[in-house]
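The residues making up each chain are set out below.
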Amino acid sequence: MGLSVAEQEQAIEAVVSDVAGLGVLQPLIDDPQVSEIMVNRYDQIYVERKGGLTRHAGCFVNDAAVRTVIERIVYPIGRRIDDASPMVDARLADGSRVNAVISPIALHGACLTIRKFPIKRLNLDDLVELGSMTADLGHFLTLAVRHRLNILIAGGTGSGKTTLLNVLGSQIPHDQRVITIEDAAELQIGHPHVVSLESRPRNVEGSGEVTIRDLVRNALRMRPDRIVVGECRGAEAIDMLAAMNTGHDGSLTTLHANSPRDAISRLETMVLMAGKELPLLAIRDQIARAIQLIVQQTRLADGRRMVTAVDEITGLESGQIQLQPLVRLDQQQQKAAPQGLPPTFLHQWREQGASDLHQIERWFAQQTVSL
């Protein structure tokens, strides 16, 4: 019995996806509603849509088919995955983030996670419309970027740190040169003058590695106006702080942390990882001088991603970094609300001729409910 036209088209699409695409995952890659794809093993695939996880009906034929797809992703960008290197970070052609782990590290077979980028590049107005932040908070963060504050975006996995980094990076004036540094290039900053650098793992012979720390050091020789590090994970934090403290104001980076205070602790730990044996007081002094704002991005229980806190680092006192809460999540109104104390740097903005400061000052002066 012959196949119908629809069945023939479906069969052709399946063959093309298997040969030239990502096999059973290709329809999910093409589905704009899917934001994340998680292959736990060859016969178990989950997808995220609108913040919720559901199991996908399709599956791979066997574990070898998953390995083939992983290799198809990583090899074109110079990465490798094998028994000697069973874990890899990579990216798709559209910038989507990929992580893969194979056996024996993954006990049940090859595991693949793909975090897709939205087809439409989000801007500040989109984040306001989605409820990620209020218009007043968006205006304040825009001014913070334009007035060259060093900003650290903290948050958990999948909280929207990279999206917020893209949006804030797009607020950098277009007459400035931006250098982005990442493990796997995924930033899509809407800016006309961007140079993107990507780290490189060591090759089969064990040489040729280029780390984030190497790239940060090299970026300082590239005449940057701004340095954007996709994520601080280790010893590169000390070079990032040094760059922020030596004239490269207005730099941006992210790290994993559950609160602004936790972000400070993580930074201290990462600087210690550099092996410089600096006293803790010197490290805290570096952090207090380098970073002005910590923006906390959170993924809520219902899947929404929001800015839930903004803290200003006001200095060092009695050996402790002082944080001033500027914004916190109002649980009743479900939006970030000011805490009644304006940032200490507003007078500097006024001297620099910042516009709409009266609006910002009125917003920060609002008396909020107890949170």
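Please refer to the structure placed before this passage.
Note that the structure is predicted; figures quoted are calculated from it, not measured. (Residues numbered from 1 in each chain as written. Predicted model: local features only at pLDDT ≥ 70, side-chain atom pairs only at ≥ 80, totals over all residues. Heavy atoms only, no water.)

### Overview of the environment of N99
Residue placement: N99 occurs in strand β5 (residues 97-101). Sequence spacing of N99 and C111 is 12 residues, and the spatial spacing of their C-alpha atoms is 8.3 Å. (Helix = DSSP H or I, 4+ residues; strand = E, 2+ residues; numbered from the N terminus.)

### Regarding the packing of aromatic side chains
Counted according to the given criterion, the structure contains 5 aromatic pairs. An aromatic cluster is built from F140, F345, W349, W363 and F364, whose rings are joined through pairwise contacts. (Phe/Tyr/Trp six-rings, centres within 6.5 Å; stacked < 30°, edge-to-face > 60°.)

### Some thoughts on the side chain of D311
Secondary-structure assignment places D311 in strand β13 (residues 305-317). A distance of 2.5 Å separates a polar atom in the side chain of D311 from a polar atom in the side chain of R328. Apart from the residues lying within four places of it in its own chain, the contact partners of D311 are P260, Q292, L293, I294, L323, Q324, P325, L326 and R328. (Polar contact = N/O pair within 3.5 Å; in protein donor to acceptor, adjacent residues only side chain to side chain. Contact = heavy atoms within 4.5 Å.)

### Some remarks on the sheet that holds strand β11 (residues 252-256)
Pairing is mixed across the open sheet formed by 9 strands, whose spatial order is β9-β8-β10-β11-β7-β12-β13-β14-β15. Of all strands in the sheet, those with a lone pairing partner are β9 (194-198) and β15 (335-338), marking the two edges. The mean inter-strand angle of the sheet, taken between neighbouring strand axes irrespective of direction, is 25 degrees. Summarising the sheet, strand β12 (residues 293-299) and β13 pair through 7 bridges and their orientation is antiparallel. Paired with Q297 across the bridge in β13 is V307. (Pairing = 2+ DSSP bridges. Axes fitted to C-alpha atoms, helices over the stretch in contact; angles between N-to-C directions.)

### Quick notes on the pattern of salt bridges
Scanning the entire structure with this criterion turns up 20 salt bridges. Salt-bridge contacts for D225 lead to R223; the nearest nitrogen and oxygen are separated by 2.7 Å. Judged by relative accessible area, R223 falls into the exposed class, the value being 56%. The network of salt bridges with shared partners includes D89, D183, E231 and R233. (Salt bridge = Lys/Arg side-chain N within 4 Å of Asp/Glu carboxyl O. Buried < 20%, exposed > 50% of the residue type's maximum accessible area, 1.4 Å probe, protein only.)

### As for helix α3 (residues 63-74)
Between its terminal C-alpha atoms α3 stretches 17 Å, which fits the 16 Å expected from 12 residues at 1.5 Å a residue. Regarding α3, the residues found buried are V66, V69, I70, I73 and V74. An end-on view of α3 places all buried positions within 125 degrees of arc, on one side of the element. Lining the buried residues of α3 we find β1 (34-41), β4 (87-91), β5 and β6 (111-115). (Expected span 1.5 Å × (residues − 1). Arc of directions from axis to C-beta.)

### Topic: helix α6 (residues 161-169)
Where burial is concerned, most of α6 is hidden: 8 out of the 9 residues are buried. For α6, every residue scored as buried is listed here: K161, T162, L164, L165, N166, V167, L168 and G169.

### Description of the sheet that holds strand β3 (residues 52-55)
Reading across from one edge, β3-β2-β1-β6-β5-β4 is the order of the 6 strands in this open sheet, with antiparallel pairing throughout. This sheet does not close on itself; its edge strands, each paired only once, are β3 and β4. Sheet twist, expressed as the mean angle between neighbouring strand axes with direction ignored, is 15 degrees. Relative to β5, β4 runs antiparallel, the two being bridged by 5 bridges. The partner of D89 across the bridge, within β5, is N99. Contacting β1, β4, β5 and β6, α3 runs over the sheet at an angle of about 55 degrees to β4.

### Examining unusual backbone geometry
Cis peptide bonds are those with omega within 30 degrees of zero, and the linkage from S103 to P104 qualifies with 10 degrees. With respect to the element layout, P104 can be found in the loop between β5 and β6. Of note in the backbone geometry, S318 takes a positive phi value of approximately 55 degrees without being a glycine. Inspection of the secondary structure assignment puts S318 in the loop between β13 and β14 (320-330). Using a relative accessible area of 74% as the deciding quantity, one classes S318 as exposed.

Shape descriptors only; they carry no functional weight alone.
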